[in-house]
Amino acid sequence: MAETDPVTTAILDAAVIEFERHGFRRVALDEVARRAKVSRMTIYRRFAGRDELVTAVIDRENAVLFSDIANELKNAGPQSNYYVEAFTSAIMRLRRHRVLNRMITEEPALTLQLAHRHYPAVLERMADALRVMFPTGFAERIGAEAVDELADTILRYAAMALLLPSARPLTTVADIRAFATSHFLPSLPTALRERELAATLSWRA
């Protein structure tokens, strides 16, 4: 993510706090300006309005989130299945996120609206995170197309787990991992599963 100037950072930091307290729809830019110690006009010089500010906040928080997911799995060492662990980590971290979780649970319509508008950027961030979290050379073995396809599948099943009701609890890490193993993993295209198996065997050798 591109670096921002200190004033823009202050505005985004203030917006995160206000969004956490009041939700995305009910935040007034005057409150954001007051917390950031800038004028309302200063906000408008950087963001066309509240919608653009919301987009900037979510983009920044997504960048941090996916980076944290990648580092968490990379530092955890070898996994039994990187697909399942990437999915499980994404769900659990989203649920712990102070702003993104509130948006998903309290404003699902806004979540879907923003997903439609910014899906390519979110997909790219997820794919980049996968490349970091995989063992060295793993992403290259399965290929760029497979990594992008995996990122897309993770995001689609994450939306299902986060936004739709479930017949079984999806609360704990074990719950999410079981869901991923039973539903998400079999949904991967056969070619992708075969490439993963071959790459895993090669890596372990």
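First things first, this report covers the structure right here in the doc. (Residues numbered from 1 in each chain as written. Predicted model: local features only at pLDDT ≥ 70, side-chain atom pairs only at ≥ 80, totals over all residues. Heavy atoms only, no water.)

## Some words on the overall build of the protein
(1) Moving on: Across its full length, the protein holds 11 helices and 0 strands.
(2) Moving on: Taken from the N to the C terminus, the helices and strands of the protein come in the order α-α-α-α-α-α-α-α-α-α-α.
(3) Moving on: Taking all 205 residues of the protein together, 44% fall into the buried category.
(4) Moving on: The contacts of the protein with a sequence gap of at least 6 include a subset with a gap of at least 24, amounting to 74%. (Helix = DSSP H or I, 4+ residues; strand = E, 2+ residues; numbered from the N terminus. Buried < 20%, exposed > 50% of the residue type's maximum accessible area, 1.4 Å probe, protein only. Contact = heavy atoms within 4.5 Å.)

## What about the nonpolar core?
Within soluble globular proteins, side chains that are nonpolar generally end up buried alongside one another.
(1) Moving on: Counting residues in hydrophobic clusters, the biggest one holds 64 residues, and the most contacted among them are F19, L53, F87, L130, M133, F134 and F184.
(2) Moving on: Among the elements that take part in this core, helix α9 (residues 144-163) stands out by supplying 10 residues, more than any other. (Core = buried A, V, L, I, M, F, W, Y, C linked by side-chain atoms within 4.5 Å.)

## Re helix α1 (residues 6-22)
Given 3.6 residues per turn, any residue in an α-helix points the same way as the ones three and four places further on.
(1) Moving on: For α1, spanning 17 residues, the distance from its first C-alpha to its last is 24 Å, which sits close to the expected 24 Å at 1.5 Å a residue.
(2) Moving on: Within α1, the full set of buried residues consists of T8, I11, L12, A14, A15, V16, E18 and F19.
(3) Moving on: Buried residues along α1 sit against α2 (29-36), α3 (40-46), α4 (50-75) and α6 (100-106).
(4) Moving on: The N-cap of α1, judged by a side-chain oxygen 3.0 Å from the amide nitrogen of V7 a few residues on, is D5.
(5) Moving on: Looking one or two residues beyond α1, the residue adopting positive phi is G23, at roughly 90°. (Expected span 1.5 Å × (residues − 1). Polar contact = N/O pair within 3.5 Å; in protein donor to acceptor, adjacent residues only side chain to side chain.)

## Here's the deal with the environment of P108
(1) Moving on: One can find P108 in helix α7 (residues 108-133).
(2) Moving on: When the C-alpha positions of P108 and L162 are compared, they lie 9.5 Å apart, and in sequence the two are 54 residues distant.
(3) Moving on: Apart from the residues lying within four places of it in its own chain, the contact partners of P108 are M103 and L163.

## Side note on the pattern of salt bridges
(1) Moving on: Enumeration according to the criterion identifies 15 salt bridges in this entry.
(2) Moving on: Taking the shortest distance from any N to any O, the salt bridge between E85 and R177 comes out at 2.9 Å. Of this pair, E85 sits in helix α5 (residues 82-96) while R177 is found in helix α10 (residues 173-187), placing the two residues 92 residues apart along the sequence.
(3) Moving on: Accessibility expressed as a relative area gives 33% for R177, which makes it partly exposed.
(4) Moving on: One continuous salt-bridge network, built from bridges that share partners, spans D13, R60 and E61. (Salt bridge = Lys/Arg side-chain N within 4 Å of Asp/Glu carboxyl O.)

## Side note on the packing of α5 against α10
(1) Moving on: Running from N to C, α5 and α10 point in directions that differ by 130°, and their axes come no closer than 9 Å. With respect to their mutual orientation, α5 and α10 come out oblique. Taken as a pair, α5 and α10 cross one another with a handedness that is right-handed. Between α5 and α10, the contacting residues are Y83, V84, E85, F87, T88, I91, M92 and R95 on the first element and V173, I176, R177, F179, A180, T181, F184 and L185 on the second.
(2) Moving on: Split into classes, the residues belonging to the contact of α5 with α10 amount to 11 nonpolar, 2 polar and 3 charged. (Axes fitted to C-alpha atoms, helices over the stretch in contact; angles between N-to-C directions. Parallel < 35°, antiparallel > 145°, perpendicular 65-115°, else oblique. Left-handed = near helix turned anticlockwise from the far one by under 90°. Nonpolar A, V, L, I, M, F, W, Y, C, P; charged D, E, K, R; others polar.)

## Digging into the packing of aromatic side chains
(1) Moving on: Within the structure shown, the criterion is met by 4 aromatic pairs.
(2) Moving on: On the numbers, 4.7 Å between centres and 25° between planes, the contact of F19 with F24 is stacked.
(3) Moving on: The class for F19 is buried, based on a relative accessible area of 1%.
(4) Moving on: Taken together, a centroid distance of 5.9 Å and an interplanar angle of 65° make the contact between Y157 and F184 edge-to-face. Of the two residues, Y157 sits in helix α9 while F184 sits in helix α10, which places them 27 residues apart along the sequence. (Phe/Tyr/Trp six-rings, centres within 6.5 Å; stacked < 30°, edge-to-face > 60°.)

## Looking at α5
(1) Moving on: Its 15 residues place the ends of α5 21 Å apart at the C-alpha level, agreeing with the 21 Å of an ideal helix rising 1.5 Å per residue.
(2) Moving on: Listing the buried residues of α5 in full gives Y82, Y83, V84, E85, A86, F87, T88, S89, A90, I91, M92 and L94.

## Examining the packing of α1 against α4
(1) Moving on: Remark: α1 packs on α4, axes separated minimally by 10 Å, with the N-to-C direction vectors making an angle of 95°. In terms of orientation, α1 and α4 fall into the roughly perpendicular class. Taken together, the residues of α4 that come into contact with α1 (itself represented by T9, I11, L12, D13, A15, V16 and F19) are L53, V54, A56, V57, R60 and E61.

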